[in-house]
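Chain by chain, the residues:
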Amino acid sequence: MLSAILKKEDCAKCRFCCSFRRQSLWETPIFTAENITVIKNDKDKNSECLIQNDGTDFARYDLSGSYISDDSDEEVKCPYLGDKGCVLDDEQKPWDCKIWPLRVMKMKDGSLVIALTPTCPEINKLDLETVKTFVKDNLSPDLFEYAKGHSCLIKDYREGFPVIDKAE
Ligand code: SF4
Ligand code: SF4
């Protein structure tokens, strides 16, 4: 989604956003009902790691029991990260992953914003105004519309996430 400003080769060398430290577990991606259906119908993909809470139609995986040390910097890989990158195809891949390092977040007053994750090393090398202009010109309406139709994907706003755009 951000390939015009985020080079694929830089991401291939990084893969930071496909592994999680304990303090980043809130960032593990949400799989929508649509994602879950196509993954379950693909015999080559593991759907057993996806846990759906009662009363919801979305799921995520739980890595909390996978850490082997007390080191807070220990990272555990997403179960869908293969040797050559993500093994999921476009319909299976969570929206959270497609829009990363952007997030649609809810402010305390209930308004929605698009915010930038401060931990992506490559996007944060760019001037923030360049990112804002690109997102506003190319992505904002679609991101807000999709998030409003899939409220499970909206995160609570976190301090330190630069705001890129606000919903009208
Ligand atoms: S953290 Fe940023 S640079 Fe690294 S793989 Fe993810 S999107 Fe690419
Ligand atoms: S689902 Fe794919 S893109 Fe998303 S975190 Fe896992 S490996 Fe990375």
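Residues numbered from 1 in each chain as written. Chains lettered and ligands numbered in written order. Predicted model: local features only at pLDDT ≥ 70, side-chain atom pairs only at ≥ 80, totals over all residues. Heavy atoms only, no water.

Some details on the site of ligand 1
- Surveying the vicinity of ligand 1 reveals the residues Leu6, Cys11, Cys14, Arg15, Phe16, Cys17, Trp100, Cys120, Pro121 and Glu122.
- Per-class residue counts for the shell around ligand 1 are eight nonpolar, no polar and two charged.
- Formed jointly, the shell around ligand 1 draws a minimum of three residues from each of two domains, domain 1 (7-93) and domain 2 (101-168). (Near = heavy atom within 4 Å. Nonpolar A, V, L, I, M, F, W, Y, C, P; charged D, E, K, R; others polar. Domains from an automatic or database assignment.)

Here's the deal with the sheet that holds strand β6 (residues 112-116)
- The strand order across the open sheet built from four strands is β7-β5-β6-β8, with neighbouring strands paired in mixed fashion. Strands with a single pairing partner mark the edges of an open sheet, and in this sheet they are β7 (155-156) and β8 (163-166).
- Bridge count between strand β5 (residues 102-106) and β7: two bridges; the pairing is parallel. Bridge pairing in β7 links Met105 to Lys155. (Pairing = 2+ DSSP bridges. Helix = DSSP H or I, 4+ residues; strand = E, 2+ residues; numbered from the N terminus.)

Structural notes on the pattern of salt bridges
- Taken as a whole and judged by the stated rule, the model has eleven salt bridges.
- Residue Lys155 pairs with Asp96 through a salt bridge whose shortest N-O separation is 2.9 Å. One end of the pair, Lys155, is in strand β7; the other, Asp96, is in helix α3 (residues 95-99), and 59 residues separate them in sequence. Residue Lys155 shares its accessibility class with Asp96, and that shared class is buried.
- Salt bridges here are not isolated pairs; linked through shared partners, they connect Glu27, Asp96, Arg103 and Lys155. (Salt bridge = Lys/Arg side-chain N within 4 Å of Asp/Glu carboxyl O. Buried < 20%, exposed > 50% of the residue type's maximum accessible area, 1.4 Å probe, protein only.)

Notes on the site of ligand 2
- Around ligand 2, the neighbouring residues are Cys17, Cys18, Cys78, Tyr80, Leu81, Cys86, Leu88, Pro94 and Cys97.
- Per-class residue counts for the shell around ligand 2 are nine nonpolar, no polar and no charged.

Quick notes on the nonpolar core
- Counting residues in hydrophobic clusters, the biggest one holds 22 residues, and the most contacted among them are Leu2, Leu102, Val104, Ile114, Val135 and Leu143.
- Of all elements in the fold, only α3, β5, β6, α4 (128-138) and α5 (140-149) reach the threshold of two or more residues within this core.
- When near neighbours in sequence (up to four residues on either side) are disregarded, Leu102 contacts Leu2, Ile114, Ala115, Leu116, Val135, Leu139, Leu143 and Ile164.
- Ile36, Tyr67, Val76 and Leu88 belong to the second-largest nonpolar core, a separate cluster that totals 14 residues. (Core = buried A, V, L, I, M, F, W, Y, C linked by side-chain atoms within 4.5 Å. Contact = heavy atoms within 4.5 Å.)

Remarks on the domain arrangement of the chain
- Here the domain parsing of the chain yields domain 1 (7-93) and domain 2 (101-168).
- Each of domain 1 and domain 2 has a C-alpha centre, and the two are 21 Å apart.
- Facing nine residues of domain 1, the contacting portion of domain 2 comprises 13 residues.
- Of the roughly 970 Å² buried where domain 1 meets domain 2, counting both sides, 63% is carbon and sulfur surface. (Buried area = accessible area lost by both parts, 1.4 Å probe.)

Notes on the packing of aromatic side chains
- Counting across every chain of the model gives five aromatic pairs.
- Pairing Phe20 with Tyr61 gives two aromatic rings, centres 6.4 Å apart and planes at 65 degrees, and the pair type is edge-to-face. Of this pair, Phe20 sits in strand β1 (residues 19-20) while Tyr61 sits in the loop between α2 (33-40) and β2 (76-77), placing them 41 residues apart in sequence. The two residues Phe20 and Tyr61 agree in class, both being buried.
- Members of the aromatic cluster, connected to one another through ring pairs, are Phe20, Phe31, Tyr61 and Tyr80. (Phe/Tyr/Trp six-rings, centres within 6.5 Å; stacked < 30°, edge-to-face > 60°.)

Structural notes on the environment of Asp127
- Residue placement: Asp127 occurs in the loop between β6 and α4.
- With relative accessibility at 47%, the residue Asp127 sits in the partly exposed group.

Re the pairing of β6
- In terms of burial, β6 is largely enclosed, as five of its five residues are buried.
- Burial of β6 is two-sided: the residues Leu112, Ile114 and Leu116 facing one way and the residues Val113 and Ala115 facing the other way are all buried.
- Judged from the five bridges that link them, β5 and β6 form a sheet pairing that is antiparallel. Bridge pairing in β6 links Met105 to Val113.
- A loop of five residues connects β5 with β6, the two strands running antiparallel in sequence, and Gly110 in this loop sits at a positive phi of about 90 degrees.
- Summarising the sheet, β6 and β8 pair through three bridges and their orientation is antiparallel.

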